[in-house]
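Residue-level structural notes
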Amino acid sequence: MNRAIGRVAAAVNLLSVVVFALSVLSGCLFVSYLSSIFIALSFLAMMAVFAQKGGVAGSCALGFGGMYALCNGVVYFAQLGAVRRGLSEGAAALLDFQRFGLFFDLDLFGYGLMALATFFAGLTIAPRCGEERWLKGLLLGHGAFALGCFVLPILGAFGPEMEGGAWIGTALLEGWCLYFAPVGVLCWRYFGRRC
């Protein structure tokens, strides 16, 4: 059962990352927010599989993964619901992800938690082949994103007056997708062998 859950979660995660990348490029916010919810949910299931055999590191991966899924699920669910229906100017400044307000910062905090989860998931892997070394390296390396995700909002690096903010955001998101898509592929293969 763990193998099936892991493989399905990894496949859904990969598909969601690809859909997210395409929707960001096309400017389709509804699809990007919806696919982000599926990234979070499938990621949580992937972390549960790592936790199943991973001891304390696996438990940390699952815990941080759960916090990420909750933070980002709230952000994107709000974008699909309340923000799309319209808000007062004051509420929009806080809740509209596109304005770099409170929910943007919460989203980055969530991605910092995701990065911590991947770091701990990487610690659970004792590689037996090159492919597993790549997976471990990508997961551990993704953990480095945590520092930026936690520090940049605190420093006020993003704001509505930021020149070129949309372009910079798109480039960063596409870069993340290019980094994270192989994680889905390698997890799918890893779960098929190890769980």
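Residues numbered from 1 in each chain as written. Predicted model: local features only at pLDDT ≥ 70, side-chain atom pairs only at ≥ 80, totals over all residues. Heavy atoms only, no water.

A short note on the overall build of the protein chain
Let me state the cut-off plainly: Secondary structure follows DSSP: runs of H or I at least 4 residues long count as helices, runs of E at least 2 residues long count as strands, and numbering of each begins at the N terminus. The globule rule is 2.2 Å times the number of residues to the power 0.38, and the radius of gyration it is compared with is taken over C-alpha atoms. Residues are treated as being in contact if the distance between any of their heavy atoms lies within 4.5 Å. The method behind every accessible area is Shrake-Rupley, applied with a 1.4 Å probe, and residues are considered shielded solely by the protein chains displayed. By the counting rule applied here, Lys and Arg register as positive and Asp and Glu as negative, while His and the ends of each chain are not counted. The atoms used to mark charge sites are NZ of Lys, CZ of Arg, CG of Asp and CD of Glu.
Secondary structure summary: the protein chain contains 8 helices and 0 strands in total. The C-alpha atoms of the protein chain give a radius of gyration of 17 Å, which matches the 16 Å a tight globule of 195 residues would have. Projected onto the principal axes, the alpha-carbon positions of the protein chain cover approximately 55 × 30 × 25 Å. A separation threshold of at least 6 residues defines the contact pool for the protein chain, and within that pool the share at least 24 residues apart is 73%. In the structure as shown, the protein chain presents an accessible area of about 9500 Å², 73% of it carried by carbon and sulfur atoms. Of the side-chain charges in the protein chain, 12 are positive and 9 negative, and the distance between the mean point of each set is 22 Å.

As for the nonpolar core
Worth spelling out the cut-off: Only buried residues count toward a nonpolar core. Its members are Ala, Val, Leu, Ile, Met, Phe, Trp, Tyr and Cys residues joined through side-chain atoms within 4.5 Å. Burial here depends on accessible area, computed with a 1.4 Å probe over protein chains only, as a share of the maximum for the residue type. Under 20% is buried, over 50% is exposed, and the range in between is partly exposed.
One finds Met-47, Phe-50, Tyr-68, Met-114, Leu-135, Cys-187 and Phe-191 to be the most contacted residues of the largest nonpolar core, which totals 43 residues. For this core, the elements supplying multiple residues, two or more each, are helix 1 (2-26), helix 2 (29-53), helix 3 (55-85), helix 5 (102-123), helix 6 (130-142) and helix 8 (165-194). Those residues in contact with Tyr-68, other than ones at most four positions away along the chain, are Ile-39, Ala-40, Phe-43, Gly-73, Gly-110, Tyr-111, Leu-113 and Met-114.

A look at helix 1
What counts here: One less than the residue count of a helix, multiplied by 1.5 Å, gives the span that helix is expected to have.
The terminal C-alpha atoms of helix 1 lie 36 Å apart, and with 25 residues this matches the ideal 36 Å at 1.5 Å per residue to within 8%. Among all positions in helix 1, only Gly-6, Ala-9, Ala-10, Asn-13, Ser-16, Val-17, Phe-20, Ala-21, Ser-23 and Val-24 are buried.

Here we look at the packing of aromatic side chains
The test is simple: Each Phe, Tyr or Trp ring (for Trp, its six-membered ring) is paired with any other whose centre lies within 6.5 Å, and the angle between the two planes then decides the class: stacked below 30 degrees, edge-to-face above 60, tilted in between. Only when the NZ of Lys or the CZ of Arg is both within 6 Å of the ring centre and within 35 degrees of the ring normal is a charge said to sit over the ring.
In total, this model carries 13 aromatic pairs according to the counting rule given. Geometrically, the ring pair formed by Phe-50 and Tyr-190 is stacked, given 6.0 Å between the ring centres and 20° between the ring planes. In this pair, Phe-50 is assigned in helix 2 and Tyr-190 in helix 8, connecting sequence segments 140 residues apart. This pair shows no difference in class: Phe-50 is buried, exactly as Tyr-190 is. Their ring planes at 10° and their centres at 5.0 Å tell us that Trp-176 and Phe-180 sit as a pair that is stacked. Of this pair, Trp-176 and Phe-180 are both found in helix 8, 4 residues apart, which corresponds to roughly one turn of the helix. Phe-180 shares its class with Trp-176; the two are buried. Taken together, Phe-43, Tyr-68, Tyr-111, Trp-176 and Phe-180 form an aromatic cluster joined through their ring pairs. Here the basic side chain of Arg-7 rests over the ring of Trp-188, its NZ or CZ set 3.5 Å away from the ring centre.

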